[in-house]
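Working through the structure, step by step
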Amino acid sequence: MDFALDDTQTEIAALAAKVLGSPDDPWRALASAGLLALALPPELEGDGLGAAEVAQVLTEVGRAAVPVPAYAALALGVLPIEALGTPAQRAEFLPPVAAGDALLTAALNEPSAPLAAEPAATARAGDGKWLVSGVKTAVPYAAEAARILTPVSTGHGSAVYLVDPRAEGVTLVPTPTSAGAPEYTVRLDDVAVEESDLLFDRGAVAALHRFALAGALSLGDGLLAGALALTVKHVGERTQFGRPLAAFQAVAGQIADVYVAARTVHLAVTSAVWRLASGLDADAELDVAAYWFATQAPAALATCHHLHGGIGVDETYPLHRYSSAVKDLGRALGGAAHRLGRLGERVAG
């Protein structure tokens with residue numbers, strides 16, 4: 001089943017594509033166009049929209065393979081704080097992101113535990129504050145963020161705290177990424193956080209994971225679509241033995257495989273995001289879409305590189321931006337084996 005975009009989502013996608021195709025600083029251009037304020041409530045000069053509309057921005061960012069912190073700021077920061085935060089938290093943290101002046105991010109992964117539902121990191125009461133300890137891995141833009149949304153176990157369940165990366169007890173260790181985007185291992189040693197830095201929802205960790213998955217998959221959907229379009233253009237224009245590469249049966253079959261992978265991921269992602277935005281249970285759909293992306297996207301990008309030949313590994317040609325970002329997203333999701341395991345647990349349960 002396909003899910004058509006409504007008029008608002010179509011307009012957002014078109015505006016994002018136009019902005020990202022301009023020569024201006026893309027992050028400032030997104031802010032100036034109001035595309036970072038879509039999910040802010042009207043009282044904060046936002047549009048009062050939600051995950052479906054933000055997903056269109058992330059998809060277009062992926063389609064253009066623009067290296068901006070949209071996933072961290074919007075999916076890991078704005079959406080969860082808007083949904084779970086207090087009015088004071090929204091007023092403090094969301095407008096600066098919408099203006100392009102600040103970032104937010106989240107610490108979803110722990111050593112050998114991607115998107116841990118029961119975090120090993122802990123928060124305990126002490127001296128009128130909460131003391132947060134633990135290790136988080138693969139945290140995008142941690143040093144640049146105003147706050148890191150940090151899932152912890154409290155002894156009475158799980159919670160999400162807004163941790164200042166500049167607070168005493170926080171150690172940031174830069175870690176490499178395929179695309180070169182900033183990423184860190186975050187070590188927390190009795191970091192003091194106020195009660196006001198708690199996201200007040202007993203399901204906050206699960207909600208944060210849903211927004212993270214929806215955002216990563218929307219970005220990945222765009223990356224696959226963009227790489228496909230780039231490859232279709234190349235094989236249609238590049239000639240061999242006096243014929244376009246696309247005229248050869250072997251090439252046509254391979255590009256068809258990439259198309260099937262891209263469409264499969266697109267339909268799975270669109271279904272999951274639609275359910276999340278509609279307030280329906282989207283967990284199963286998100287897990288299915290994450291598995292399809294983690295398994296199909298790397299192989300599809302490898303085919304795109306193969307069809308480009310030597311030009312595909314030229315750093316002045318844009319294809320490497322797509323494949324590098326797909327690698328980083330797949331790792332953030334836990335990889336194909338982890339996603340398959342999650343689906344197995346769902347079936348067994």
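Residues numbered from 1 in each chain as written. Predicted model: local features only at pLDDT ≥ 70, side-chain atom pairs only at ≥ 80, totals over all residues. Heavy atoms only, no water.

**A word on the overall build of the chain**
In terms of helices and strands, the chain carries 10 helices and 9 strands. Against the 2.2 N^0.38 benchmark of 20 Å for 349 residues, the chain shows a C-alpha radius of gyration of 20 Å, consistent with a compact globule. Taken over 349 residues, the chain has a buried fraction of 50%. Counting only contacts in the chain whose residues sit at least 6 apart along the sequence, the fraction spanning at least 24 positions is 69%. For the chain, the exposed surface amounts to about 15,300 Å²; the carbon and sulfur share of it is 55%. Side chains of the chain give 23 positive and 38 negative charges; the mean places of these two sets differ by 6 Å. (Helix = DSSP H or I, 4+ residues; strand = E, 2+ residues; numbered from the N terminus. Rg over C-alpha atoms; globule rule 2.2 N^0.38 Å. Buried < 20%, exposed > 50% of the residue type's maximum accessible area, 1.4 Å probe, protein only. Contact = heavy atoms within 4.5 Å. Areas by Shrake-Rupley, 256 points an atom, 1.4 Å probe, with all protein chains shown as cover. Lys, Arg positive; Asp, Glu negative; His and termini not counted. Charge placed at Lys NZ, Arg CZ, Asp CG, Glu CD.)

**Re the packing of aromatic side chains**
Aromatic ring pairs: the centre-centre distance and the angle between the two ring planes describe each pair. Taken as a whole and assessed by the stated rule, the structure comprises 2 aromatic pairs. With 6.1 Å between their ring centres and 40 degrees between their planes, tryptophan 130 and tyrosine 161 make a pair best called tilted. Here tryptophan 130, found in strand β3 (residues 129–140), pairs with tyrosine 161, found in strand β5 (residues 158–163); they are 31 residues apart in sequence, far enough to count as distant. Stacked on the ring of phenylalanine 248, the Lys or Arg arginine 243 has its end atom at 4.5 Å from the ring centre. (Phe/Tyr/Trp six-rings, centres within 6.5 Å; stacked < 30°, edge-to-face > 60°. Lys NZ or Arg CZ within 6 Å of the ring centre and 35° of its normal.)

**What about the nonpolar core?**
Leu30 and Tyr71 are the most contacted members of the largest nonpolar core, which has 95 residues in total. Leucine 30 has contacts with Val19, Leu20, Leu35, Leu36, Val57, Val61 and Val68, leaving out every residue within four places of it along the chain. Judged by nonpolar contacts, the second largest core, of 18 residues, contains Ala121, Val139, Leu188 and Val193. (Core = buried A, V, L, I, M, F, W, Y, C linked by side-chain atoms within 4.5 Å.)

**Here we look at unusual backbone geometry**
Backbone geometry at leucine 115 places phi at a positive 45 degrees, although glycine is not the residue there. Within the secondary structure layout, leucine 115 lies in the loop between β1 (104–106) and β2 (122–126). By relative accessible area, which is 7% here, leucine 115 ends up buried.

**Considerations on the pattern of salt bridges**
Side chains that carry opposite charge are capable of pairing whenever their charged atoms lie near each other. If you walk through the whole model with that rule in mind, you get 15 salt bridges. Aspartate 101 is the partner of arginine 28 in a salt bridge, and the nearest nitrogen-oxygen pair spans 2.7 Å. In this pair, arginine 28 sits in helix α2 (residues 26–32) while aspartate 101 sits in the loop between α5 (87–98) and β1, placing the two residues 73 residues apart along the sequence. Classification of arginine 28 as partly exposed rests on a relative accessible area of 40%. Overall, aspartate 101 belongs to the exposed group, its relative accessible area being 55%. Aspartate 164 is paired through a salt bridge with arginine 166; the nearest N and O atoms lie 3.4 Å apart. Overlapping salt bridges bring together Arg147, Asp164 and Arg166 as one network. (Salt bridge = Lys/Arg side-chain N within 4 Å of Asp/Glu carboxyl O.)

**A closer look at the pairing of strand β7 (residues 183–193)**
Where β3 and β7 come together, 8 bridges link them in antiparallel fashion. When the sheet's bridge partners are listed, valine 132 is paired in β7 with valine 191. (Pairing = 2+ DSSP bridges.)

**Things to note about the pairing of β2**
As judged from the 5 bridges shared by β2 and β3, these two strands associate in the antiparallel manner. Of the residues in β3, the one forming a bridge with alanine 125 is tryptophan 130. Adjacent in sequence and paired antiparallel, β2 and β3 are bridged by 2 residues, among which aspartate 127 carries a positive phi angle near 55 degrees.

**So, the environment of alanine 121**
Checked against the element boundaries, alanine 121 lands in the loop between β1 and β2. Accessibility expressed as a relative area gives 1% for alanine 121, which makes it buried. Measuring from C-alpha to C-alpha, the distance between alanine 121 and leucine 276 comes to 27 Å, with 155 residues separating the pair along the chain. Look past the residues within four positions of alanine 121 in its chain and what remains in contact with it is Glu110, Ser133, Gly134, Lys136, Pro151, Val152 and Ser153.

**Here's the deal with helix α9 (residues 319–332)**
Taking 1.5 Å of rise per residue, 14 residues should cover 20 Å, and α9 covers 20 Å from first to last C-alpha, within 8% of that figure. Among all positions of α9, only Leu319, Tyr322, Ser323, Ser324, Ala325, Val326, Asp328, Leu329 and Gly330 are buried. Phi turns positive, to about 105 degrees, at glycine 334, one or two residues after α9. (Expected span 1.5 Å × (residues − 1).)

**Points about the side chain of arginine 147**
Along the polypeptide, arginine 147 turns up in strand β4 (residues 147–153). Residue class for arginine 147 comes out buried when judged on its relative accessible area of 16%. Excluding its chain neighbours within four sequence positions, the residues that come into contact with arginine 147 are Glu92, Phe93, Leu103, Leu104, Thr105, Leu162, Val163, Asp164 and Pro165.

**So, the packing of helix α8 (residues 283–308) against α9**
In the contact formed by α8 and α9, the axes pass within 10 Å of each other and the chain directions differ by 160 degrees. Here α9 runs roughly antiparallel to α8, going by the angle between their axes. For the pair α8 and α9, the sense of crossing is left-handed. Each of Phe293, Ala297, Pro298, Leu301, Cys304, His305 and His308 in α8 lies in contact with α9, whose residues at this interface are Leu319, His320, Tyr322, Ser323, Val326, Leu329 and Gly330. Considered class by class, the residues forming the contact of α8 with α9 number 9 nonpolar, 5 polar and no charged. (Axes fitted to C-alpha atoms, helices over the stretch in contact; angles between N-to-C directions. Parallel < 35°, antiparallel > 145°, perpendicular 65-115°, else oblique. Left-handed = near helix turned anticlockwise from the far one by under 90°. Nonpolar A, V, L, I, M, F, W, Y, C, P; charged D, E, K, R; others polar.)

**Some thoughts on the environment of threonine 150**
By the element assignment, threonine 150 lies in strand β4. Sequence spacing of threonine 150 and valine 57 is 93 residues, and the spatial spacing of their C-alpha atoms is 24 Å. Not counting the four nearest positions on each side in its chain, threonine 150 is found in contact with Ala107, Lys136, Ala159, Val160, Tyr161, Val163 and Leu188. A distance of 2.9 Å separates a polar side-chain atom of threonine 150 from the backbone oxygen of isoleucine 148. (Polar contact = N/O pair within 3.5 Å; in protein donor to acceptor, adjacent residues only side chain to side chain.)

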